[in-house]
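# Coordinates in review
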Amino acid sequence: MAGKRVIIGQREWGVEDARYDEVRSRIKEALESGSVAELPLLDADGRPVTVFLNGRVTPTVVVDPDAGPRPTEISG
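For clarity, every value in this text was computed on a predicted model and none was experimentally measured.

## Overview of the nonpolar core
By size, the foremost hydrophobic cluster in this structure holds 14 residues, and its most contacted members are Val6, Ile8, Val23, Ile27, Leu39, Leu41 and Leu53. Residue assignment for this core shows that the elements contributing at least two residues are strand 1 (5–8), helix 1 (20–33), strand 3 (36–42) and strand 4 (48–54). Top element by residues in this core is helix 1. It accounts for 4 residues. Not counting chain neighbours up to four residues away, the residues in contact with Val23 comprise Val6, Val15, Leu39, Pro40 and Leu41.

Encoded structure:
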């Protein structure tokens, strides 16, 4: 899966470019307040899905903005 993504536990989800800021904000709010966030994400096949994130029990969420080459990538 390329592009913007969210990793919760062992599961990876895509994020539409237009919804990235909204998804990031919802995740941050849920983790800070211990609430449940409804996240509009994409499954591995690029289909829209809704993921419910329980901020009270989820210790870590990775939000990858796909902002350039990874340290293991060589450009040029």
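## Let's talk about the environment of Gly9
With respect to the secondary-structure elements, Gly9 resides in the loop between strand 1 and strand 2 (11–14). Sequence separation between Gly9 and Val61 is 52 residues; the distance between their C-alpha atoms is 7.3 Å.

## With respect to the environment of Arg5
Mapped onto the secondary structure, Arg5 falls in strand 1. Measuring from C-alpha to C-alpha, the distance between Arg5 and Leu42 comes to 8.7 Å, with 37 residues separating the pair along the chain. A polar contact is formed between the side chain of Arg5 and the side chain of Glu12, at a distance of 3.0 Å. Polar contacts involving the side chain of Arg5 include one to the side chain of Asp64, which spans 2.8 Å.

## A closer look at the pattern of salt bridges
Scanning the entire structure with this criterion turns up 8 salt bridges. A salt bridge links Arg5 to Asp64; the shortest N-O distance between them is 2.8 Å. Within this pair, whereas Arg5 is found in strand 1, its partner Asp64 is found in strand 5 (residues 61–64), the two being separated by 59 residues in sequence. Here Arg5 and Asp64 have matching classes, each one buried. Across the salt bridge formed by Arg47 and Asp43, the nearest N and O atoms sit 2.9 Å from each other. Relative accessible area serves as the criterion here: at 13%, Asp43 is assigned to the buried category.

Conventions adopted
- Residues numbered from 1 in each chain as written.
- Predicted model: local features only at pLDDT ≥ 70, side-chain atom pairs only at ≥ 80, totals over all residues.
- Heavy atoms only, no water.
- Core = buried A, V, L, I, M, F, W, Y, C linked by side-chain atoms within 4.5 Å.
- Buried < 20%, exposed > 50% of the residue type's maximum accessible area, 1.4 Å probe, protein only.
- Helix = DSSP H or I, 4+ residues; strand = E, 2+ residues; numbered from the N terminus.
- Contact = heavy atoms within 4.5 Å.
- Polar contact = N/O pair within 3.5 Å; in protein donor to acceptor, adjacent residues only side chain to side chain.
- Salt bridge = Lys/Arg side-chain N within 4 Å of Asp/Glu carboxyl O.

The values are spatial; any link to function lies outside them.
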